[in-house]
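The chain contents come next:
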Amino acid sequence: MLLNWTVMILYNYFNAMFVGPGYVPLGWTPERSQDCVYLQYCKVCQSYKAPRSHHCRKCNRCVLKMDHHCPWINNCCGYQNHASFTLFLLLAPLGCIHASFIFVMTMYTQLYNRISFGWSSVKIDMSPAKRDPRPIIPFGLSAFAVSLFALGLALGTTIAVGMLFIIQMKIILTNKTSIESWIEEKAKDRIQYYQTGETFIFPYDMGSKWKNFKQVFTWSGIPEGDGLNWPVKDGCHQYSLTVEQLKQKADKRVRSVRYQAVEDYSGVCCPVTKGVKTFFTTPCTEEPRIALTKGDLILATRGLKHWMYGEKILNSAVDGGIRERGWFPRKCVEKCQYETETDQPEDGEKKTR
């Protein structure tokens, strides 16, 4: 049974790794040209981003129904391998639970006849068993230590991977991805901030957990659809989510603040020359850092106490229109001052926009 767990775990693991999530074809455009206004354009892939797809900086491609980029499989989790990845998250804890049971029973049976309880102390005889003449595997102190260490690894894997499985199943039963859950949260914040009175309805939730489950898991192992067109609930259309993404993108541009670099920054993860606090408070994220040269202009969208995240303003004609986004130390930049008071947008104007 333990070998069976191993085979199924490795099968789904390598399946998720080598099958991959599926990518938007290079140069893809929607069937109707007028639908392009509802979609974002990817300058790297030279194509429009299909509904539910996102560009992955690690894979350097637009991924179909992207959930996240997983370092475990060195690939994205998306449309084609979401089921295999989730099954791996299920089978790994089950196999570890079985292994934990074996370790516990092994240590119990080996120690049962080796422990003697005295009036003042407890003695454990870890020497090889002499009363059993059968050729069994010796269980000494080193074997006990290794078994105890392996038990800790099995239990740790069960807890860590099991929690990831629960998170994945929650979003699968609502027919969402991790990115789409974040988009939905930002949609609520945007509506509340601007008080538009609109209601955002997630378009891909079929209203039934079983129907949502079948969108990912099928008997053939091949997910439904082609990854480009998706069934939507009544009252929504194919581009409801992409339209919300465009609104959030426009809102982010409105809320962004322009900064100018006053110091050079090489783009290293933990800069030594930018101060002790900057060094030790570097963002714990896989998002990139951007190198800065004195005089560069940056549109900052969010930040921490000693770090900021934004996009460097580039000359699209010279740089090919490729955006540079990432983290940079706050002490390397200063806020741009508007030339006149009339150049600065008022709060009311921002809220109206």
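Residues numbered from 1 in each chain as written. Predicted model: local features only at pLDDT ≥ 70, side-chain atom pairs only at ≥ 80, totals over all residues. Heavy atoms only, no water.

In the nomenclature of an unreviewed UniProt entry, the protein chain is known as Palmitoyltransferase of Rhinopomastus cyanomelas. Per UniProt, the protein chain carries the Sequence similarities (unreviewed entry) text "Belongs to the DHHC palmitoyltransferase family." (UniProt positions renumbered as here; feature names shortened; annotations may be inferred.)

A. Examining the packing of helix H3 (residues 141–173) against helix H5 (residues 209–216) more closely. Packing of H3 against H5 leaves a shortest axis separation of 8 Å and a crossing angle of 110°. Considering their axes alone, H3 and H5 lie roughly perpendicular with respect to each other. Seen from H3, the contacting residues are Met 169, Ile 172 and Leu 173; seen from H5, they are Lys 209, Asn 212, Phe 213 and Val 216. Considering only residue class, the contact of H3 with H5 consists of five nonpolar, one polar and one charged. (Axes fitted to C-alpha atoms, helices over the stretch in contact; angles between N-to-C directions. Helix = DSSP H or I, 4+ residues; strand = E, 2+ residues; numbered from the N terminus. Parallel < 35°, antiparallel > 145°, perpendicular 65-115°, else oblique. Contact = heavy atoms within 4.5 Å. Nonpolar A, V, L, I, M, F, W, Y, C, P; charged D, E, K, R; others polar.)

B. Geometry of the environment of Ile 171. Considering the arrangement of structural elements, one finds Ile 171 in helix H3. Residue class for Ile 171 comes out buried when judged on its relative accessible area of 10%. Separated by 10 residues in sequence, Ile 171 and Ser 181 place their C-alpha atoms 7.8 Å apart. Other than its neighbours up to four places away in sequence, Ile 171 contacts Asp 67, Lys 176, Thr 177, Ser 178 and Ser 181. (Buried < 20%, exposed > 50% of the residue type's maximum accessible area, 1.4 Å probe, protein only.)

C. Summary view of the packing of aromatic side chains. As enumerated under the stated definition, the model contains 14 aromatic pairs in all. Seen from their ring centres, Trp 72 and Phe 88 are 6.4 Å apart, and the 90° between their planes marks the pair as edge-to-face. With Trp 72 in the loop between strand S5 (68–70) and strand S6 (75–77) and Phe 88 in helix H2 (residues 82–112), the pair connects residues that are 16 residues apart, well separated along the chain. Put simply, the rings of Tyr 13, Phe 14, Phe 18, Trp 72 and Phe 88 touch in pairs and so form one group of aromatic residues. (Phe/Tyr/Trp six-rings, centres within 6.5 Å; stacked < 30°, edge-to-face > 60°.)

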